[in-house]
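Next come the chains, spelled out residue by residue.
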Amino acid sequence: MATTNPKYQIGTPENKKFLDLSRDNLIAFGRHFPAVDGSSYWLGDDGTPWKDRNRATWITCRMTHVYSLATLLGVDGAAELVDDGIRGLRGVLHDDENDGWYAEITPDQYHMPDKQAYAHAFVLLAASSALLAGRPGAKELLEQAEHVYLTRFWDDEIGLSVDTWNTEFTELDTYRGLNANMHSVEACLAVADVTGDESWRKRAGRIIEHVLTWASENEWRIPEHFNSNWEPELEFNADKPDDQFKPYGATPGHGIEWSRLITQYALSVYGKDGVLNGDGKKYLDAAEHLFNRAVADAWDADGAPGIVYTTDWQGKPVVHDRMHWTLAEAINTSATLFHVTGKQEYADWYATFLEYVDTYLMDHKLGSWFHQLDRHNHVMDTVWPGKSDLYHATQSMMIPLRDPSLSIAPATKKGVEEGL
């Protein structure tokens, strides 16, 4: 049974106060992310930058996005942090010779090889949010990111993104993956919302149609890894099941995240009435299937609360660790499904997830959230040491407070006015 504590109950004044305070604490925690060149440090347990680690494009983008949200909220000093991130993305992280963005740079400014769709999707998101926040250079960054994504990663023939190129954009890896495409959906919807260019929303919809097919054919467990012909490779990384970005098996947290993105896409195209009763209903039905499958497989699957990282294709846990982002997305999705359907079961799940996060994941001593717990809900760091960024956690403290029909991105001026 879900908790009855009002601070965990969606829609209560106590819940809004709890979310707002938690959001503000996260924003305060990450203020030291920028290096001198604007790229983002990996943050340690107390928010101190770990300067001996590589600085990644995707983390820089996430922090730029978060502080764009903070800028829209009127947080003092946030705009300057967005400007730092833009400077890093237009400077040291950008490949001026071959175009696109390096995956990472080392502490001594060496560029790590390859160009990843995952990172480029986050450049689109960061630039969109920064543009909405009115920051200088954001428009130019977004135009650069749109060009590279469309010319290098987007496969218009099939309606999906490829995954990885070499640094020079001369050799395309045969691997295809849904993680980059999931974040491409988020990015495409954000670009459409901010610029008004509906071609980006159509791209998001094309990706989603593929996901609906693959998921429905696989008992709503989404295949993550594919070959160059987009044929699922269900045993990919069976020998490395806890891979940071390409784990073996089904990832229930991604099923939950897809559920929200699909719902918000459908709302943006069909409106709430259309999603509940019209042509958009198939998307809501799919979203509910995805959420319910993921929760049934992964919540309390081993006798302890939490969402296991991965399962096999019959729903049996493979990696029992609890990653913070899965709970953040569970909060987002349960809130979104409740707002759309009004079903009490989603409000109950929301309260359950939020209580878990408060109990096990929020670091009430040093700040932010622990990024990884073991099956007994003890802190560990084999996959996610430190507290690298704020993206999932911050959004989960904001998305439940907004009308999901407004926009995919929390970073909308109307969204801020409506309660963010």
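In every chain, residue numbers begin from 1 and rise along the written sequence. A pLDDT threshold of at least 70 governs which residues receive local features in this predicted model, and a stricter bar of 80 or more applies before side-chain atom pairs are shown or counted, although totals over entire chains, interfaces and linings include all residues. With hydrogens and water excluded, all non-hydrogen atoms of the structure serve as input to the side-chain values.

Where an unreviewed UniProt entry is consulted, the chain appears under the name N-acyl-D-glucosamine 2-epimerase, with the organism given as Bifidobacterium canis. Comment text from UniProt for the chain, heading Sequence similarities (unreviewed entry), reads "Belongs to the N-acylglucosamine 2-epimerase family." UniProt positions are given in the numbering used here, feature names are shortened, and annotations may be inferred rather than shown by experiment.

Looking at this model, I keep getting lost on the state of the cysteines. Mind explaining?
Every disulfide links exactly two cysteines, by a covalent bond between their sulfur atoms. In what follows, a disulfide is any cysteine sulfur pair within 2.5 Å. For the structure shown, the criterion picks out zero disulfides. Cysteine Cys 61 is unpaired, with the sulfur of Cys 188 as its nearest cysteine sulfur at 14 Å.

Got a minute to help me understand the domain arrangement of the chain in this structure?
Interface size is often expressed as the accessible area that is lost when the parts come together. The domains assigned to the chain are domain 1 (1–29 + 218–419) and domain 2 (31–197). Relative to domain 2, the C-alpha centre of domain 1 lies at a distance of 22 Å. We call two residues contacting when some pair of their heavy atoms lies within 4.5 Å. If you look at the interface, domain 1 gives 46 residues, while domain 2 gives 45 residues. Two parts lose some accessible area (1.4 Å probe) when they are put together, and adding that loss for both gives the buried area. For the domain 1 and domain 2 pair, buried surface summed over both sides reaches about 4000 Å², with 70% attributable to carbon and sulfur atoms. Contact with domain 2 buries area across many residues of domain 1, yet Ile 27, Trp 230 and Tyr 391 alone supply 18% of it, more than any other trio. Note: domain ranges come from an automatic or database domain assignment.

Is there a simple way to explain helix H4 (residues 117–132) in this structure?
Given 3.6 residues per helical turn, the α-helix brings residues three or four places apart onto the same face. The helix and strand labels rest on DSSP assignments: H or I over at least four residues marks a helix, E over at least two residues marks a strand, and numbering proceeds from the N terminus. One less than the residue count of a helix, multiplied by 1.5 Å, gives the span that helix is expected to have. Spanning 16 residues, H4 covers 23 Å between terminal C-alpha atoms, matching the ideal 22 Å at 1.5 Å per step. Within H4, 15 of the 16 residues are buried, which leaves the element mostly enclosed by the surrounding structure. Backbone geometry just after H4 places Gly 134 at a positive phi near 75°. Per-residue accessibility, obtained with a 1.4 Å probe over protein chains only, is compared with the maximum for each type, and a residue is labelled buried under 20%, exposed over 50%, and partly exposed between these values.

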